[in-house]
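Summary of the model geometry
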Amino acid sequence: MKKIMTVFALLMCMCAVAAKGTREERIAALEEIVTWPPCCSNEDDAVSPEEDVRLRYELTRDEFLQDLLTLAGKYDRNETNNYHRLARKLAVANVSVYGGTNELPYLSAIWHDAQDYAQREALLGAMLINSHSEDVFDIANEVLTNATTFSASLREAVYLRLGKYYRYDTTAVQEQKNRIASYFLSRVDLEREPIYAYLDRKVCEMFPSYRHSQRRRDNLAAVYDPTLTGAPKEVYEARVRDAQPVGE
């Protein structure tokens, strides 16, 4: 009986190892995700497609991180195949989900490379890892104060991500959310359209007193574009009217 139990235990171990598959199989499963048509995405799924792969192969988070790093390294910054590029971007984006501060140097090397098509994923990943610390503002400042190095879309992405942390991150302490609000307020005088429009709206939400302030009216005057016509002009004029003192 003891020998039978021993054999059974060995078989169970072998099945557990087999269930994890080879790294090549797991990488292939990850790459397959980027080929799925949008109609196959299910917003009601309890887990993401990446997490589904991890669970399917019974991997720990650290084991899965190593697979992600392997996939990210499979294709380089010079890759031209669109699916391969998407696979690398998927892997880089998830390094921050399954990794931590140890992965910051890796992500930093990518988001500082303007020629790397995974730059945005690496930048937002680094912000995610630091989302609950003051270090996230160091990243934001580096991007926002170096317009010649970082594109307008990346600068906008920084604000959008901070705004998302402020509004939707239920794990963030109020102190961090207050820092984000103060950071937005400190930047609203410095930005110009189209980024200013987003900041203007968010600061009005975060600081109700700003909505009808002289400071807001001065900022709106500073971003005025005399060439505006049609809908953009109407939107701008609506914001100017909204900024007027109550009762006027």
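This text follows the structure it describes.
Please read these numbers as outputs of a predicted model, since none were measured by experiment.

What to know about the overall build of the protein chain
Looking only at helices and strands, the protein chain features 13 helices and zero strands. By the burial criterion, 38% of the 248 residues in the protein chain qualify as buried. Nonlocal contacts in the protein chain, meaning residues at least 24 apart in sequence, comprise 62% of its contacts between residues at least 6 apart. As displayed, the protein chain has an accessible area near 14,300 Å², and 55% of this comes from carbon and sulfur atoms.

A word on the nonpolar core
Among the nonpolar cores identified, the biggest contains 61 residues, and Leu 30, Trp 111, Met 127, Val 158, Leu 162 and Phe 184 are the most heavily contacted of them. Sort the elements by how many residues they give to this core and helix α11 (residues 195-206) lands first, with seven residues. In this structure, Trp 111 is in contact with Gln 119, Ala 122, Leu 123, Ala 126, Ile 139, Glu 142, Val 143 and Phe 150, ignoring residues within four places of it in sequence.

Quick notes on the pattern of salt bridges
On inspection of all chains with the given rule, the structure shows 21 salt bridges. Here Arg 179 makes a salt bridge to Glu 134, at a shortest N to O gap of 3.6 Å. Of this pair, Arg 179 sits in helix α10 (residues 174-187) while Glu 134 sits in the loop between α7 (119-129) and α8 (135-144), placing them 45 residues apart in sequence. Glu 191 serves as the salt-bridge partner of Arg 187, at 3.1 Å between the closest nitrogen and oxygen. With respect to class, Arg 187 is no different from Glu 191; both count as buried. One connected set of salt bridges, linked through shared partners, spans Glu 193, Asp 200, Arg 211, Arg 216, Arg 239 and Asp 242.

Calculation criteria
- Residues numbered from 1 in each chain as written.
- Predicted model: local features only at pLDDT ≥ 70, side-chain atom pairs only at ≥ 80, totals over all residues.
- Heavy atoms only, no water.
- Helix = DSSP H or I, 4+ residues; strand = E, 2+ residues; numbered from the N terminus.
- Buried < 20%, exposed > 50% of the residue type's maximum accessible area, 1.4 Å probe, protein only.
- Contact = heavy atoms within 4.5 Å.
- Areas by Shrake-Rupley, 256 points an atom, 1.4 Å probe, with all protein chains shown as cover.
- Core = buried A, V, L, I, M, F, W, Y, C linked by side-chain atoms within 4.5 Å.
- Salt bridge = Lys/Arg side-chain N within 4 Å of Asp/Glu carboxyl O.

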